[in-house]
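This is what each chain is made of:
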Amino acid sequence: MATVDRRIVRTQEAIKKAFLELMSEKSFDSITIQDISDRANINRATVYLHYLDKFDLLDKIMEEHINNMSNLCESETEMDWIESTVHCIEYLESNYLFFATMLASGGAPYFRSRFVQHNIEEFKKDVDITKGKNFDQSEDVIVEFVANAYVGVVEWWLKNGMPYSPRVLAEQVGRLLDRIL
């Protein structure tokens, strides 16, 4: 596997951080590549070496986080609801700037729908409508309900400055998920 030059990684991280900071301050439409390069303290052409435009940058950041969340979910398949939820909430906390900007402040409405869809796909793996508490229920209704509730709680948590630790929030959400799924 080829190694990536650390300078490239540092530059991309500086660009992403600058972009997210700007998105938390003003609307996406008003952000320019010059704004991003000024904030990241790099040349404007350097941004274009890594990204086609601000839309490409936003798409790549969103997909990076969705992929990270998918990988996290994949690694948690043997955990109970509470422990797997702790890992997810800790990931959200460690990437607060991104998730607060995208969800809590409405930085990119498309991300919310993409995040809900990601959660629908993950919760579908755990729904069993053949027996138990969800016997004979609609799988679509269950996963829509759970995914939207989960994202809603995450938005509330971020908007309110994370009033509970990831563990406390995860324990409460995990118990609710256990009741429903």
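Residues numbered from 1 in each chain as written. Predicted model: local features only at pLDDT ≥ 70, side-chain atom pairs only at ≥ 80, totals over all residues. Heavy atoms only, no water.

A. Up close: the packing of aromatic side chains. Taken as a whole and assessed by the stated rule, the structure comprises 10 aromatic pairs. Here Tyr 91 and Phe 99 contribute two aromatic rings whose centre-to-centre distance is 5.9 Å and whose plane-to-plane angle is 75°, an arrangement assigned as edge-to-face. Grouping aromatic residues by their ring pairs yields a cluster made of Tyr 91, Phe 98, Phe 99, Phe 111 and Phe 115. Lying over the aromatic face of Phe 28, Lys 54 brings its terminal NZ or CZ to 4.6 Å of the ring centre. (Phe/Tyr/Trp six-rings, centres within 6.5 Å; stacked < 30°, edge-to-face > 60°. Lys NZ or Arg CZ within 6 Å of the ring centre and 35° of its normal.)

B. Local environment of the pattern of salt bridges. Counted under the stated rule, the structure contains 15 salt bridges. Close ionic contact of Arg 167 with Glu 171 constitutes a salt bridge, the shortest N to O distance being 3.7 Å. With Arg 167 and Glu 171 both in helix 9 (residues 166–180) and 4 residues apart, the pair spans about one turn of that helix. Here Glu 171 falls in the partly exposed class, since its relative accessible area comes to 25%. Taken together, the salt bridges that share partners define one network made up of Lys 17, Glu 21, Glu 25 and Arg 39. (Salt bridge = Lys/Arg side-chain N within 4 Å of Asp/Glu carboxyl O. Helix = DSSP H or I, 4+ residues; strand = E, 2+ residues; numbered from the N terminus. Buried < 20%, exposed > 50% of the residue type's maximum accessible area, 1.4 Å probe, protein only.)

C. Focus on the layout of surface pockets. The computed volume of the largest pocket comes to approximately 350 Å³. Lining the largest pocket are 17 residues, and of these Cys 73, Glu 76, Trp 81, Ser 84 and Asp 126 sit closest to its centre. Secondary-structure elements contributing two or more residues to the lining of the largest pocket are helix 4 (54–75), helix 5 (81–94) and helix 7 (109–124). The element contributing the most residues to the lining of the largest pocket is helix 5, with 4 residues. Of the residues that constitute the lining of the largest pocket, the class distribution is 7 nonpolar, 4 polar and 6 charged. Reported here for the second largest pocket is a volume of approximately 210 Å³. When residues of the lining of the second largest pocket are traced back to their parent elements, those giving at least two are helix 1 (6–25), helix 4 and helix 6 (96–104). The element that contributes the greatest number of residues to the lining of the second largest pocket is helix 1, accounting for 4 residues. (1 Å grid on protein atoms, 1.4 Å probe; cavity = no way out; pocket = protein on both sides within 12 Å on 5 of 7 lines; lining within 4 Å. Points joined across faces, edges and corners; volume = space filled by probe spheres on them. Nonpolar A, V, L, I, M, F, W, Y, C, P; charged D, E, K, R; others polar.)

D. Structural view of helix 4. Over its 22 residues, helix 4 extends 32 Å from the first C-alpha to the last, a length consistent with the 32 Å expected when each residue adds 1.5 Å. Turning to helix 4, its buried residues number three or more, namely Lys 54, Asp 56, Leu 57, Leu 58, Ile 61, Met 62, His 65, Ile 66, Met 69, Leu 72 and Cys 73. Buried positions along helix 4 lie against helix 1, helix 2 (33–40), helix 3 (44–50), helix 5, helix 6 and helix 7. The N-capping residue of helix 4, defined by a side-chain oxygen 3.1 Å from the backbone nitrogen of Phe 55, is Asp 53. (Expected span 1.5 Å × (residues − 1). Contact = heavy atoms within 4.5 Å. Polar contact = N/O pair within 3.5 Å; in protein donor to acceptor, adjacent residues only side chain to side chain.)

E. Quick look at unusual backbone geometry. You will see that Asn 41, though not glycine, has its phi angle at about 60°, which is positive. Along the chain, Asn 41 falls in the loop between helix 2 and helix 3. Using a relative accessible area of 68% as the deciding quantity, one classes Asn 41 as exposed.

F. Looking closely at helix 8 (residues 139–159). With 21 residues, helix 8 should reach 30 Å at 1.5 Å per residue; the first-to-last C-alpha distance of 30 Å fits that figure. Of the positions making up helix 8, those classed as buried are Ile 142, Val 143, Val 146, Ala 147, Tyr 150, Val 151, Val 154, Glu 155, Trp 157 and Leu 158. For helix 8, the elements touching its buried residues are helix 5, helix 6, helix 7 and helix 9. At the exit of helix 8 stands Gly 161, carrying a positive phi of roughly 70°.

Just distances and angles here, no functional claims.
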